[in-house]
Amino acid sequence: DWNMPNMDGITLVRKVRESDKSLPIIMCTTEAEKSRVLEAVKAGVNNYILKPFTAESLSEKIKQTMAKVLSAAPAVK
């Protein structure tokens, strides 16, 4: 989320990306402004979902995200 105590979500994403480029990250937030979404994508989120969301919409975002991540992963031989 963008709005968290101690550290905002975008800072968290940047810190995670410093050490782990492959961990799937879905940002869940109320921030719907296009500039915020673009900033999150540039910081390294794999997907973005707006609150409030349903279990079904979250499940779909997770499926989409994992499909993208797995298709981008190098093949293991």
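For the structure itself, consult the block above.
The rules we used
Residues numbered from 1 in each chain as written. Predicted model: local features only at pLDDT ≥ 70, side-chain atom pairs only at ≥ 80, totals over all residues. Heavy atoms only, no water. Salt bridge = Lys/Arg side-chain N within 4 Å of Asp/Glu carboxyl O. Helix = DSSP H or I, 4+ residues; strand = E, 2+ residues; numbered from the N terminus. Buried < 20%, exposed > 50% of the residue type's maximum accessible area, 1.4 Å probe, protein only. Phe/Tyr/Trp six-rings, centres within 6.5 Å; stacked < 30°, edge-to-face > 60°. Lys NZ or Arg CZ within 6 Å of the ring centre and 35° of its normal. Core = buried A, V, L, I, M, F, W, Y, C linked by side-chain atoms within 4.5 Å. Contact = heavy atoms within 4.5 Å. Lys, Arg positive; Asp, Glu negative; His and termini not counted. Polar contact = N/O pair within 3.5 Å; in protein donor to acceptor, adjacent residues only side chain to side chain.

Caption draft 1: Main features of the pattern of salt bridges. In the structure shown here, the tally under the stated rule is three salt bridges. Ionic pairing is found between Asp1 and Lys51, a salt bridge with its closest N-O pair at 2.6 Å. One end of the pair, Asp1, is in the segment before α1 (9-19); the other, Lys51, is in the loop between β2 (47-50) and α3 (55-72), with 50 residues separating them in the sequence. Of the charged contacts in the structure, one is a salt bridge between Glu39 and Arg14, with a shortest N-O distance of 3.2 Å. Taken together, the positions of Glu39 in helix α2 (residues 34-43) and Arg14 in helix α1 put the pair 25 residues apart, joining distant regions of the chain. When its relative accessible area of 31% is taken as the criterion, Glu39 is described as partly exposed. Classification of Arg14 as partly exposed rests on a relative accessible area of 39%.

Caption draft 2: Inspection of the packing of aromatic side chains at higher detail. All chains considered together, the criterion is met by zero aromatic pairs. Between Arg36 and the ring centre of Trp2, over which it is positioned, the NZ or CZ distance is 4.2 Å.

Caption draft 3: Main features of the nonpolar core. Of all hydrophobic cores here, the largest spans nine residues; its members are Trp2, Ile10, Val13, Ile25, Met27, Ala40, Ala43, Val45 and Tyr48. For this core, the secondary-structure elements that each account for two or more residues are α1 and α2. In contact with Val13, other than residues within four places in its own chain, are Ile25, Met27, Ala43, Gly44 and Val45.

Caption draft 4: Highlighting the side chain of Arg17. The topology assignment puts Arg17 in helix α1. It turns out Arg17 is buried and unbridged, and the closest side chain with the opposite charge, Asp20, is 4.9 Å from it. Polar contacts involving the side chain of Arg17 include one to the main-chain carbonyl oxygen of Asp20, which spans 3.0 Å. Within the structure, Arg17 has its side chain in polar contact with the side chain of Asn46 (distance 3.0 Å). For Arg17, the residues in contact, after removing those within four places along its chain, are Ser22, Leu23, Ile25, Ala43, Gly44 and Asn46.

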